[in-house]
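Topology and contacts: notes
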Amino acid sequence: MMKDIAIRSRVLLVHALLSVGLGLFLIYLRGMMTDPLSEVVAVAIAIAMSAASLVLAAITDWCAALSEGMKHARRLIFYLLAGLFLALAGVIIGYYRQVTMEWLMFLGAGHALVFGILAFAVAFKVRHHPMERRSMFALGTISVAFFGLLAASNASIGDRSATALLGTYLCFLGAKLLFFAWELRREVTMAKQACRVRV
């Protein structure tokens, strides 16, 4: 159990760092978009970095699958499939020439909606933990708000503003994943302390 929590916290930490890193990089790219040519170059770099981040996240999940081993078949399959999905998304984004910033905005909007709904679902389940419930409601609300912004702005703003908005969402996503990783790490620490007390 403790090993599973430790693996999950490491996966969340790596995904969080990738999200924050990519988000900050996109915000930095926005400042480079000073003319049409620089916008084209910056968008191409943003797409390439997004694809690379997805592939790195996939490798992280596959490493987690190897750490789980054959004894935990369900978690092994989950990490393998999650890694496969991320890798395919990264390859498609990286090699398909028709991918634009609008595509990335669409993916970001879908991601924000799914995670917002999941956050609300978790909030309703943890009724006996008021702090956790409020935290999940807050995260769900912000995620759904980002979904609205990303979806509504998809066709109405230029690449410069879209890059900044997507970068901001990725920074929020990274902060959220860091929070989850910290929560899991805290569970591991509390479990270890409980074991020491029993001994």
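For the structure given in this document, a descriptive report is provided here. (Residues numbered from 1 in each chain as written. Predicted model: local features only at pLDDT ≥ 70, side-chain atom pairs only at ≥ 80, totals over all residues. Heavy atoms only, no water.)

Helix and strand content of the protein: 6 helices and 0 strands. Projected onto its principal axes, the C-alpha coordinates of the protein cover approximately 65 × 35 × 25 Å. Taken across its 199 residues, the protein has 37% of its residues classed as buried. Residue pairs in contact within the protein that sit at least 24 positions apart in sequence constitute 74% of those at least 6 positions apart. (Helix = DSSP H or I, 4+ residues; strand = E, 2+ residues; numbered from the N terminus. Buried < 20%, exposed > 50% of the residue type's maximum accessible area, 1.4 Å probe, protein only. Contact = heavy atoms within 4.5 Å.)

This part covers the side chain of T163. Mapped onto the fold, T163 is located in helix α6 (residues 159-198). By relative accessible area, T163 is classed as buried at 0%. Within polar-contact distance, the side chain of T163 engages the backbone oxygen of D159 at 2.7 Å. Beyond its immediate sequence surroundings of up to four residues, T163 is in contact with L26, L29, R30, M33 and M101. (Polar contact = N/O pair within 3.5 Å; in protein donor to acceptor, adjacent residues only side chain to side chain.)

With that settled, consider the side chain of S153. Here S153 shows up in helix α5 (residues 130-153). Among the polar contacts listed, one links the side chain of S153 to the backbone oxygen of L149, at a separation of 2.7 Å. Apart from the residues lying within four places of it in its own chain, the contact partners of S153 are M105 and L165.

Interaxial distance between helix α4 (residues 101-125) and α5 falls to 7 Å at its minimum, and their mutual angle equals 160°. As the angle between them shows, α4 and α5 are arranged roughly antiparallel. As for the relative orientation of α4 and α5, their crossing is left-handed in sense. The residue makeup of the contact of α4 with α5, split by class, is 18 nonpolar, 6 polar and 1 charged. (Axes fitted to C-alpha atoms, helices over the stretch in contact; angles between N-to-C directions. Parallel < 35°, antiparallel > 145°, perpendicular 65-115°, else oblique. Left-handed = near helix turned anticlockwise from the far one by under 90°. Nonpolar A, V, L, I, M, F, W, Y, C, P; charged D, E, K, R; others polar.)

Attention shifts here to the packing of helix α2 (residues 36-68) against helix α3 (residues 73-95). Running from amino to carboxyl end, α2 crosses α3 at an angle of 165°, the nearest separation of the two axes being 8 Å. Comparing their axes, α3 and α2 come out roughly antiparallel. Crossing hand, α2 versus α3: left-handed. The class makeup of the residues in the contact of α2 with α3 is 18 nonpolar, 3 polar and 3 charged.

Keep in mind these numbers describe shape, not what the thing actually does.
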